[in-house]
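Each chain, written out:
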Amino acid sequence: MDPIMMLVIAAIIAAIILVEFNKQQKAKVTDNSHITFDVQQAYLLKAAEYKIEVIEDHQKHSTTTNNTDVQHLEEELTQLTKAFEKGDIQLKEFNLKLDNLLNNLDPDKVSLAQAS
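Everything numeric here is computed off the predicted structure, so don't read it as measured data.

1. A short note on the overall build of the chain
Per the secondary structure count, the chain includes 3 helices and 0 strands. In the chain, the succession of helices and strands from N to C terminus is α-α-α. Going through the 116 residues of the chain one by one, you find that 22% of them count as buried. Within the chain, counting contacts between residues at least 6 apart in sequence, those at least 24 apart form 58% of the total. Taken as a whole, the chain presents about 9,000 Å² of accessible surface, with 58% of it coming from carbon and sulfur.

2. A word on the packing of helix H2 (residues 67-86) against helix H3 (residues 91-104)
Running from amino to carboxyl end, H2 crosses H3 at an angle of 175 degrees, the nearest separation of the two axes being 10 Å. Regarding the angle of H2 to H3, the classification is roughly antiparallel. Contacts from Leu73, Glu76, Leu77, Leu80, Thr81 and Phe84 of H2 reach H3 at Leu91, Phe94, Lys97, Leu98 and Leu101. A breakdown of the residues in the contact of H2 with H3 according to their chemical character gives 8 nonpolar, 1 polar and 2 charged.

3. Here we look at the packing of aromatic side chains
Scanning all chains against the criterion turns up 1 aromatic pair. Relative to phenylalanine 94, the ring of phenylalanine 84 has its centre 4.6 Å away and its plane inclined at 10 degrees; by these criteria the two rings are stacked. Placement of the pair is phenylalanine 84 in helix H2 and phenylalanine 94 in helix H3, with a sequence separation of 10 residues. The exposure class of phenylalanine 94 is buried, given its relative accessible area of 3%.

4. Details of H2
Along its 20 residues, H2 runs 29 Å from first to last C-alpha, staying within 8% of the 28 Å computed at 1.5 Å per residue. Val70, Leu73, Leu77, Leu80 and Ala83 are the residues of H2 that are buried. On an axial view of H2, the arc spanned by its buried residues comes to 160 degrees, and they lie on one face. Across H2 from its buried face, at more than 90 degrees, point the exposed residues Asn67, Gln79, Lys82, Glu85 and Lys86. Where H2 terminates, the next one or two residues include glycine 87, which has phi positive at roughly 95 degrees.

Rules behind the numbers
- Residues numbered from 1 in each chain as written.
- Predicted model: local features only at pLDDT ≥ 70, side-chain atom pairs only at ≥ 80, totals over all residues.
- Heavy atoms only, no water.
- Helix = DSSP H or I, 4+ residues; strand = E, 2+ residues; numbered from the N terminus.
- Buried < 20%, exposed > 50% of the residue type's maximum accessible area, 1.4 Å probe, protein only.
- Contact = heavy atoms within 4.5 Å.
- Areas by Shrake-Rupley, 256 points an atom, 1.4 Å probe, with all protein chains shown as cover.
- Axes fitted to C-alpha atoms, helices over the stretch in contact; angles between N-to-C directions.
- Parallel < 35°, antiparallel > 145°, perpendicular 65-115°, else oblique.
- Nonpolar A, V, L, I, M, F, W, Y, C, P; charged D, E, K, R; others polar.
- Phe/Tyr/Trp six-rings, centres within 6.5 Å; stacked < 30°, edge-to-face > 60°.
- Expected span 1.5 Å × (residues − 1).
- Arc of directions from axis to C-beta.

In structure tokens:
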């Protein structure tokens, strides 16, 4: 057989092997993408839980804050939680609104590293 023909056949076989290998690698990446998304969602959910705990703790231990402010904060938190449970707002938006509630609290009494 001609050496050029051998090189052409070898190149075709190598190309087929590379294409199959590439398909396998892409399949591995797409299989793991849902795990990354779930981990991100879990972190956001944990951050939201922590923020709610801080807000509720502030409500319980607040002595200087006006009673109407505490009621307003409770109403907002209840509305946010219900909207999130219904699916009206996404987890990321829920976290941002919780951040806004935390920012409205007395900064001297609340210390929180905001995670969003």
